[in-house]
Amino acid sequence: MSIGLFDSGLGGISVARAVRAALPRHDLIYLADTAHCPYGPLPTAQVRARSLACARWLVGQGARVVVVACNTATSAAVELLRSALPVPIVGMEPGVKPAVAATRTGRVAVLATSGTLTGDRFARLVERFGDGVEVRTVACPEMVSLVEAGDLASPRAAAVVAGYVAPLAADGVDTLVLGCTHFPPLRGLIAAAAPGATIIDTGLAVAAQTARVAAVAGVGPNTPGGRIAFSNSRLLVGLIMPHILPGPSSWL
Ligand code: DGL
């Protein structure tokens, strides 16, 4: 029995990290759909099909809760996954509500993929929680590419991030929502490009929700517990690795 997580690629590791902090003795299995990354520009039908394939694979591997560690996949497919799979599904969406509560200038920006920002779920989220605040949206595909390439700190990475973020800060946006799970690893560069801005990441809230859902589903800690299996759709080699993940292990 484990908790499964998937993303288009490496971004969901930021969510796995939060889940691991909340549930350190639970086994996790993480699937990066690297062969189909990025999801952001894909047609919705394709994101749905990929999400279903990933979630089914995780259930086949023993996942008894599936976390959609991807805003784009949640936007396109969370209802489909809930109706098609026999396990509880935890989704995620950009933190518009906490951003609206945090802003002092009345201007917030959501950094995400075009798929997330053009979806009906996002429109409903802003309608419900926007509360008269100006909610700007910025699709940041090059930030996804940086993270997939493991380029988190180079001068080029800093320039790419500043290209998206600095104009927002200059316009009085004081709160930035990380609406894509690829962006937390770039948090330092984002903060440097918008000094003093509040940065909202929903990873911790998703981890808390995962803990609640796992408890209700009877998915308890494992003995000895705390293993993480990491797989990707390009290789589909499952490596059982206690306490570490391949790649930039400082994320976890
Ligand atoms: N990490 C994903 C998200 O949270 C999507 C990145 C992509 O594949 O475009 O939306």
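Here, the structure is the one placed above.
Residues numbered from 1 in each chain as written. Predicted model: local features only at pLDDT ≥ 70, side-chain atom pairs only at ≥ 80, totals over all residues. Heavy atoms only, no water.

## Side note on the sheet that holds strand S5 (residues 107-112)
Each strand in a sheet pairs with its neighbour through backbone hydrogen bonds, running either in the same direction (parallel) or in the opposite one (antiparallel).
Then step 1. In space, the four strands of this open sheet follow the order S6-S5-S7-S8, with parallel pairing throughout. For this open sheet the edge positions go to strand S6 (134-139) and strand S8 (198-201), each flanked by a neighbour on one side alone. The sheet shows a mean angle of 25 degrees between the axes of neighbouring strands, taken without regard to direction.
Then step 2. In terms of strand pairing, S5 meets S6 through six bridges, oriented parallel. Paired with Ala112 across the bridge in S6 is Ala139.
Then step 3. Across the sheet, helix H8 (residues 155-170) is in contact with S5, S6 and strand S7 (175-178); its angle to S6 comes to roughly 165 degrees. (Pairing = 2+ DSSP bridges. Helix = DSSP H or I, 4+ residues; strand = E, 2+ residues; numbered from the N terminus. Axes fitted to C-alpha atoms, helices over the stretch in contact; angles between N-to-C directions. Contact = heavy atoms within 4.5 Å.)

## Here's the deal with unusual backbone geometry
Then step 1. For the bond running from Cys37 to Pro38, omega is 5 degrees, close enough to zero to count as cis.
Then step 2. The phi dihedral of Asp131 is positive, around 50 degrees, even though this residue is not glycine.
Then step 3. The topology assignment puts Asp131 in the loop between helix H6 (120-129) and S6.
Then step 4. According to the relative accessible area criterion, Asp131 is exposed, its value standing at 68%. (Buried < 20%, exposed > 50% of the residue type's maximum accessible area, 1.4 Å probe, protein only.)

## Structural notes on the nonpolar core
Then step 1. Grouped together as the largest cluster of nonpolar side chains are 27 residues, with contacts concentrated most on Leu111, Met143, Val165, Leu176, Phe183, Leu186 and Ile190.
Then step 2. Looking at this core, the elements that each hand over two or more residues are S5, helix H7 (141-148), H8, S7 and helix H9 (187-193).
Then step 3. Looking at which element gives the most residues to this core, the answer is H8, with six residues.
Then step 4. Core analysis: the next-biggest nonpolar cluster, separate from the first, contains 24 residues, Val19, Leu23, Ala32 and Val213 among them. (Core = buried A, V, L, I, M, F, W, Y, C linked by side-chain atoms within 4.5 Å.)

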